[in-house]
Number of protein chains: 2
Amino acid sequence: MPQNQHLLDNIAIILLEPKYPENIGSAARAAWNMGISRIIVVAKEYPDHGRMAKLATHNALALIDTMEFHESLADALKPFSQVIGTTARRGRHRLPGNSPREVMKKILPLLPANQIAFLFGPEDRGLTNDDLKYCQLRSAIPTADFSSLNLAQAVAIHCYEIFHAVVHEQKDITPAPKIATSHEIENMYTYMEDSLSQIDFLQDKSHTYYMRNIRQFFSRIRLESRETNLIRGICRQFLKHES
Amino acid sequence: MPQNQHLLDNIAIILLEPKYPENIGSAARAAWNMGISRIIVVAKEYPDHGRMAKLATHNALALIDTMEFHESLADALKPFSQVIGTTARRGRHRLPGNSPREVMKKILPLLPANQIAFLFGPEDRGLTNDDLKYCQLRSAIPTADFSSLNLAQAVAIHCYEIFHAVVHEQKDITPAPKIATSHEIENMYTYMEDSLSQIDFLQDKSHTYYMRNIRQFFSRIRLESRETNLIRGICRQFLKHES
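Keep in mind that this is a model prediction, so the values were computed, not measured.

A. Spatial organisation of the overall build of chain A. Helices and strands together make up the secondary structure of chain A, namely ten helices and six strands. What you see for chain A is a C-alpha radius of gyration of 19 Å, in line with the 18 Å of a compact globule of 243 residues. In terms of overall dimensions, chain A has C-alpha extents of about 60 × 40 × 35 Å along its principal axes. A buried classification covers 53% of the 243 residues belonging to chain A. At a minimum sequence separation of 6, the contacts of chain A that also span at least 24 residues come to 84%. Of the roughly 11,600 Å² of accessible surface on chain A, 51% is carried by carbon and sulfur atoms. One finds the centroid of the 28 positive side-chain charges in chain A at a distance of 4 Å from the centroid of its 27 negative side-chain charges.

B. Quick peek at the interface of chain A and chain B. On the chain B side, the residues contacting the 29 residues of chain A number 29 residues. Taken together, the connections running from chain A to chain B amount to two salt bridges. One salt bridge connects Glu-161 of chain B with Arg-101 of chain A, and the closest N-O pair in it is separated by 3.1 Å. Across the contact surface, chain A and chain B share twelve residue pairs in polar contact (both at pLDDT 80 or more). Mapped by element, the contributors of at least two residues to the side of chain A that touches chain B are helix H2 (21-33), helix H5 (100-107) and helix H7 (151-168) of chain A. Counting residues per element, the side of chain A that touches chain B draws most heavily on H7 of chain A, which supplies eight residues.

C. Structural view of the pattern of salt bridges. Here the structure, examined in full by the defined rule, presents 23 salt bridges over all chains. The partner of Asp-75 of chain B in a salt bridge is Lys-78 of chain B, and the shortest N-O contact between them spans 3.5 Å. One salt-bridge network, in which partners are shared between bridges, spans Glu-17, Lys-44, Arg-125 and Asp-131 of chain A.

D. Examining the domain arrangement of chain A more closely. Residue and element names in this part refer to chain A. Entries for chain A in the domain assignment read domain 1 (5-172) and domain 2 (182-242). Contacts between the two partners involve twelve residues from domain 1, matched on the other side by seven residues from domain 2. On inspection of domain 1 and its partner domain 2, the count reaches zero salt bridges. Counting every contact that joins domain 1 to domain 2 gives five residue pairs in polar contact (both at pLDDT 80 or more). For the side of domain 1 that touches domain 2, the class distribution of residues is five nonpolar, four polar and three charged.

E. Summary view of helix H8 (residues 182-198) of chain B. Residues and elements named next belong to chain B. Relative to the 24 Å expected for 17 residues at 1.5 Å per residue, H8 spans 24 Å between its end C-alpha atoms, a close match to the ideal helical length. Buried within H8 we find Ser-182, Ile-185, Glu-186, Met-188, Tyr-189, Met-192, Ser-195 and Leu-196. Of the residues trailing H8, Asp-200 is marked for its positive phi of about 60 degrees.

F. Here's a closer look at the relation of the copies chain A and chain B. With an axial shift of 0.0 Å and an RMSD of 0.0 Å, the rotation relating chain A to chain B amounts to 180 degrees. Those values place the two copies in the arrangement expected of a two-fold rotation axis. When you check the interface residues of chain A against chain B, 100% turn up at the interface there too, and the contact is symmetric in its surfaces.

G. Spatial organisation of the sheet that holds strand S1 (residues 11-16) of chain A. All names here are of chain A. Pairing in this open sheet of six strands is parallel, and the strands run S3-S2-S1-S5-S4-S6 from one edge to the other. What marks the edges here is a single partner per strand, and that holds for strand S3 (68-70) and strand S6 (137-139). Pairs of neighbouring strands in the sheet enclose a mean axial angle of 25 degrees, with direction left out of account. Pairing of strand S4 (residues 82-86) with strand S5 (residues 116-120), which is carried by four bridges, proceeds in the parallel orientation. Bridging across to S5, Gln-82 finds its partner in Ile-116. Packed onto the sheet, H5 meets S4, S5 and S6 and runs at close to 150 degrees relative to S6.

H. Up close: the sheet that holds strand S1 (residues 11-16) of chain B. All names here are of chain B. Here six strands make up an open sheet; going across it, the order is S3-S2-S1-S5-S4-S6 and the pairing parallel. In the strand order of this sheet, the two ends are held by strand S3 (68-70) and strand S6 (137-139), each with one partner. Each strand axis lies, on average, 25 degrees off the axis of its neighbour in the sheet, ignoring direction. When S1 meets strand S2 (residues 38-42), the two strands line up parallel, connected through five bridges. Its bridge partner lying in S2, Ala-12 is registered against Arg-38.

I. Expanded view of helix H9 (residues 207-220) of chain B. Residue and element names in this part refer to chain B. Here H9 is 14 residues long and its end C-alpha atoms lie 20 Å apart, about the 20 Å a rise of 1.5 Å per residue gives. Residues of H9 that are buried: Met-211, Ile-214, Arg-215 and Phe-218. The buried side chains of H9 occupy one side of the element, clustering within an arc of 100 degrees when seen end-on. Of the exposed residues in H9, the ones pointing more than 90 degrees away from its buried face are Tyr-209 and Arg-220.

Quick notes on the rules
Residues numbered from 1 in each chain as written. Chains lettered and ligands numbered in written order. Predicted model: local features only at pLDDT ≥ 70, side-chain atom pairs only at ≥ 80, totals over all residues. Heavy atoms only, no water. Helix = DSSP H or I, 4+ residues; strand = E, 2+ residues; numbered from the N terminus. Rg over C-alpha atoms; globule rule 2.2 N^0.38 Å. Buried < 20%, exposed > 50% of the residue type's maximum accessible area, 1.4 Å probe, protein only. Contact = heavy atoms within 4.5 Å. Areas by Shrake-Rupley, 256 points an atom, 1.4 Å probe, with all protein chains shown as cover. Lys, Arg positive; Asp, Glu negative; His and termini not counted. Charge placed at Lys NZ, Arg CZ, Asp CG, Glu CD. Salt bridge = Lys/Arg side-chain N within 4 Å of Asp/Glu carboxyl O. Polar contact = N/O pair within 3.5 Å; in protein donor to acceptor, adjacent residues only side chain to side chain. Domains from an automatic or database assignment. Nonpolar A, V, L, I, M, F, W, Y, C, P; charged D, E, K, R; others polar. Expected span 1.5 Å × (residues − 1). Least-squares fit on C-alpha atoms with pLDDT ≥ 70 in both. Pairing = 2+ DSSP bridges. Axes fitted to C-alpha atoms, helices over the stretch in contact; angles between N-to-C directions. Arc of directions from axis to C-beta.

Written out as structure tokens, the structure is:
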């Protein structure tokens, strides 16, 4: 068992609507090789077990058998305090994001006390802006010419960087406290959205735009649970007062 | 085109007897993504083009079409001055080798003036000791529990480290001079072997053992062409004198 296995256990690989079950198997194999055992698939239907198992090979089969399955991304993300959205460096108008190595520097202090998810989009189109709204960080593997790797290779490179950082760089890190989970954060946003709609700050046309900006703002702050409660409390009180 | 493309052009990925042509395609795609365009396959038969192309995807197809093919590993390696043998951290009695990141630190100074090959063995058994005799360096991807990655993932992680080093770390490097190629080195060993057999230093039983030790010794020195010529000259003179 590798050093710092308890930290690797705080990491999950989430595959959103993967098209080919073989890629889940191949990703599981890469994860297993790097000491990561939590695989979550978000999809409309449970993927074909045989096709997953074929590429997982014998060793990573346990990861397929214990794999979590969700139909909704929001549900899958609930326990996680940081969600890293992995993207190709393709879009011209999209923020480029950090390299996996830079992401790991930001993630390492959080690992002892928080659950962290790396989110991978479907093979053909990657993560949409709507998927990315749940992410506090983005990770883009540096490549030549705006190209993109295949899904399992992108998972392999991320797991490799995670393993490298956790095993070789963790010792110099000052651990950060426990921060709010996606579940708590999303609850806070729901209250906030209701309040801001109530006062007509959010209107049909600007709704998505402003909420995305608010999310971007809050994702730069690492809110603790009690802080999300505080903000939610203010919104609730405000709504009660208005109605 | 990425920065330092001319340095990436000095790197080749060599796949020795890959069992599945799909893995060649997948490896080519990973290489292409990281700006590496030279793929060499060493095998008994030319691999099925359709099966390679399927996983190379459109972009990396050019790499498959311009792929070099050799039946002998020694022939394939001739132009390269450093050959890095990639191994899994499996064998207990085998030297563990460096991580790809450590290997890149050693390789970077050589890149401006030398051709470098990364050698990958077959999916099932990896490189044998006989294959590894051509390698001056070994690279082992750190993994949990002595596991091994699949071929294309191992290629992807190596290409990722190569690209990262060449694009981000090359600027601080003092370039090393041109050193001897595998062709020159192997010629030198042939003369050396003849000489040492002639004086009965190499006998049937100890032959492989001593030659491996001599190779290990010389692979730690970065011989220049003129130095291999000097050693070959001494051996030739010695043989002439003896006979």
